Amino acid sequence: MQGLADMTDHDDAREPGVDDPEGPPSDRAVLYRESRGIAYVTLNRPGKLNALNPEVFRLLDESLTRFVESPDARVAILHGSGRAFAAGADIEHYLELSVVEYAGFMRVGNAVQQRVVECPKPVIAAVHGYALGGGLELALCCDLLVAEPDAELGLPEARLGLLPGGGGTQRLPRLVGSMRAAEMLLTGRRISGDEAVTWGCALSSAGHESALAAAEALAERIVRQAPVALQMAKVVLRAGRDAPLSSGLALEQAVGTLLYATDDASEGVRAFVEKRPPRWQGS
Ligand code: COA
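Residues numbered from 1 in each chain as written. Predicted model: local features only at pLDDT ≥ 70, side-chain atom pairs only at ≥ 80, totals over all residues. Heavy atoms only, no water.

Visitor: Describe the overall build of the protein chain, with residues and values.
Guide: Looking only at helices and strands, one finds 12 helices and 10 strands in the protein chain. For the protein chain, the C-alpha radius of gyration of 19 Å lies close to 19 Å, the compact-globule estimate for 283 residues. In terms of principal-axis extent, the alpha carbons of the protein chain reach across some 60 × 50 × 40 Å. When the 283 residues of the protein chain are sorted by exposure, 46% land in the buried category. Of the contacts made within the protein chain by residues no fewer than 6 positions apart, 67% connect residues no fewer than 24 positions apart. Total accessible area on the protein chain stands at roughly 14400 Å², and carbon and sulfur atoms take up 56% of it. One way to put it: in the protein chain the 28 positive side-chain charges average out to a point 4 Å from where the 38 negative ones average out. (Helix = DSSP H or I, 4+ residues; strand = E, 2+ residues; numbered from the N terminus. Rg over C-alpha atoms; globule rule 2.2 N^0.38 Å. Buried < 20%, exposed > 50% of the residue type's maximum accessible area, 1.4 Å probe, protein only. Contact = heavy atoms within 4.5 Å. Areas by Shrake-Rupley, 256 points an atom, 1.4 Å probe, with all protein chains shown as cover. Lys, Arg positive; Asp, Glu negative; His and termini not counted. Charge placed at Lys NZ, Arg CZ, Asp CG, Glu CD.)

Written as structure tokens, this is what we have:
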């Protein structure tokens, strides 16, 4: 089996994943590669619509470590190979699990999701095809979610007699409102990418040939920003979601002042005045 290191590609612009015309197809459940400051993390169980199982979570965790520790990658794009982003947790795997093991599986999934949420660098979900159950929940943990117009997003767990276990009952209503989330949860209705944009839980891929291409365009813009400023923006945004406005504003002031003291802030201001592109040190 091919190792992660073998699949890292630092300076070409080939399409990632199994469709890579110059690389052999891989049976690895998650692929990782880097190109021009962007880390591509590809869910790669196309035959099972990228259903999430313990191996996927393990490799996702590994990919996140690789991304965080990379001196080159500044932003990650999470996407799926084949015809889906991810159709949720691997239902066949549930046949083998006791209640205690199910709880453990949920914990592992949640820990990986939390790593995405707390990742010091931005993560973009590029959603095409299905993003259902845990697939949608994973995408909702990313900083940005780009969806193709005909993507299908949903939380179908009630059809299985289950409850979403990765924040679907919590993150989704905070993004789209309680009534819309309730409709999705209680009826299993899948919304289109276009509806997700209208509802405010996705960005449109319009103007690009795919969600992946739209995510790349976003990533290329992100790469030009100061890394520490991005990290701090993530921290303040995240803290602000659960905080009263006054606490969020106080945090913004404190973090903003600290950021003003960084080398990158000096460089950014100087570069603007000198009418040249900034050279970020990440310090
Ligand atoms: N877990 C395990 N396997 C899954 C899966 C999942 N969540 N979703 C799809 N698959 C598998 C199917 O079993 C099938 O495998 P097979 O070819 O070995 O039989 C393969 O992926 C293709 O799926 P299929 O159902 O044939 O495709 P479709 O286009 O007819 O339907 C979906 C697509 C997404 C509507 C349908 O697969 C589905 O409803 N999946 C389950 C979604 C779900 O409930 N997610 C929440 C899980 S908690």
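Let us keep going from here.
Visitor: Please provide a residue-by-residue account of the side chain of R45, values included.
Guide: In this fold, R45 is placed in the loop between β2 (38–43) and α2 (54–69). Exposure remark for R45: the relative accessible area of 19% places this residue in the buried category. A distance of 2.9 Å separates a polar side-chain atom of R45 from the backbone oxygen of A51. Ignoring any residue separated from it by four or fewer positions in sequence, one finds R45 in contact with A29, N50, A51, N53, V56, S81 and D90. (Polar contact = N/O pair within 3.5 Å; in protein donor to acceptor, adjacent residues only side chain to side chain.)

Visitor: So what's going on with the sheet that holds strand β3 (residues 75–80)? Residues and values would help.
Guide: Strand order in the open sheet formed by six strands is β1-β2-β3-β5-β7-β10, with mixed pairing between adjacent strands. Since the sheet does not close on itself, it has two edges, and those belong to β1 (30–35) and β10 (203–204), each with one partner. Where β3 meets strand β5 (residues 123–127), three bridges bridge the pair, whose relative direction is parallel. Bridge pairing in β5 links I77 to I124. Against the sheet, α2 makes contact with β1, β2, β3 and β5, and its axis sits at roughly 15° relative to β1, the strand it touches most. (Pairing = 2+ DSSP bridges. Axes fitted to C-alpha atoms, helices over the stretch in contact; angles between N-to-C directions.)

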